[in-house]
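# Chains, contacts and geometry: an overview
Here is how the chains run, residue by residue.
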Amino acid sequence: GVIFVIDSTDRDRIQDARDELWNLLKDDELSDAVLLVFANKQDLQDAMTAADVSEKLGLAELRHRQWFIQSACATSGDGIYEGLEWLSRTLARLN
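This structure is a prediction, so every number in the text was calculated from the model and none was measured.

Before going further, it helps to examine the nonpolar core. Of all hydrophobic cores here, the largest spans 19 residues; its most connected members are Ile6, Leu35, Val37, Leu57 and Leu59. Mapped by element, the contributors of at least two residues to this core are β1 (2–7), α1 (14–25), β2 (35–40) and α2 (50–57). Sort the elements by how many residues they give to this core and α1 lands first, with four residues. Other than its neighbours up to four places away in sequence, Leu59 contacts Leu21, Leu35, Val37, Ser54, Trp67 and Ile69. Membership of the second largest hydrophobic core comes to six residues, among which are Leu36, Ala72, Trp86 and Leu87.

Right, here's the structure in full:
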């Protein structure tokens, strides 16, 4: 699986993050990898929502890949367990 962490407050570089993510997912070794995106820094007022991050990253276009986006705050741990739980359950189903 791939875990991709986004700074939800960094609107200026979200397109760069999208480009990096899509380039990463083109790798042949990751063709079957599931994707977990953490929309980090949700504790800050100017943070994009997980839905906004999902839209800006173009996650809906990933039609042949399982993916999940989780709102998170790394400093408090909010959302981290939930995201990793999704990843664990998803990987267990695939094996």
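Across the sheet, which stays open at both edges, the three strands sit in the order β1-β2-β3 with parallel pairing between neighbours. Looking at the sheet topology across the chains shown, the edges are occupied by β1 and β3 (67–71). In this sheet, adjacent strand axes meet at a mean angle of 20° when their direction is disregarded. Where β1 and β2 come together, six bridges link them in parallel fashion. Bridged to Val5 within β2 is Phe38. Packed on one face of the sheet, helix α3 (residues 80–94) meets β1, β2 and β3 and runs near 170° to β2.

Here we come to the pairing of β1. Residue alternation in β1 divides its side chains into a buried set, Val2, Phe4 and Ile6, and an unburied set, Ile3, Val5 and Asp7. What joins β1 to β2 is α1, and the crossover it makes is right-handed.

In this section: the pairing of β2. Counting buried residues in β2 gives six out of six residues, a clear majority hidden from the surface. Along β2, one buried face is formed by Leu35, Val37 and Ala39 and the opposite face, lined by Leu36, Phe38 and Asn40, is buried too. Bridge count between β2 and β3: five bridges; the pairing is parallel. Bridge assignment links Leu35 to a residue of β3, and that residue is Trp67. Traced from β2 through α2 to β3, the parallel crossover comes out right-handed.

Under the counting rule described, the total for this entry stands at one aromatic pair. With centroids separated by 5.3 Å and ring planes inclined at 15°, the aromatic side chains of Phe68 and Trp86 adopt a geometry described as stacked. On the criterion of sequence distance, the pair formed by Phe68 in strand β3 and Trp86 in helix α3 is long-range, its members being 18 residues apart. Taking the relative accessible area as the measure of exposure, Phe68 reaches 28% and is therefore partly exposed. Accessibility expressed as a relative area gives 11% for Trp86, which makes it buried.

So, how was this worked out
Numbers given to residues run from 1 along each chain, matching the order in which its sequence is written. Two thresholds apply to this predicted model, a pLDDT of at least 70 for residue-level local features and 80 or more for giving and counting side-chain atom pairs, whereas whole-chain, interface and lining totals are computed over all residues. Here the side-chain values reflect all heavy atoms present in the structure, with hydrogen atoms and water set aside. In these notes, a set of buried Ala, Val, Leu, Ile, Met, Phe, Trp, Tyr and Cys residues joined through side-chain atoms within 4.5 Å is what counts as a nonpolar core. For the exposure calls, accessible area comes from a 1.4 Å probe over protein chains only, and a residue counts as buried if that area is under 20% of its type's maximum, exposed if over 50%, partly exposed in between. Under the scheme used here, helices are H or I runs from DSSP no shorter than 4 residues and strands are E runs no shorter than 2 residues, and both carry numbers assigned from the N terminus. Should any heavy atoms of two residues lie within 4.5 Å, those residues are counted as being in contact. Whether two strands pair depends on DSSP finding at least two bridges between them. Whenever a helix is involved, its axis is fitted only over the stretch in contact; in every case the axis is a line through C-alpha atoms, and angles between N-to-C directions fall within 0 to 180 degrees. When the strands point away from the viewer, a crossover counts as right-handed if the route from the first strand across the helix to the second turns clockwise. Between the rings of Phe, Tyr and Trp (Trp by its six-membered ring), a pair exists once the centres lie within 6.5 Å; its type follows the angle of the planes, with under 30 degrees stacked, over 60 edge-to-face, and the other angles tilted.

Don't take any of this as a statement about function, it's just geometry.
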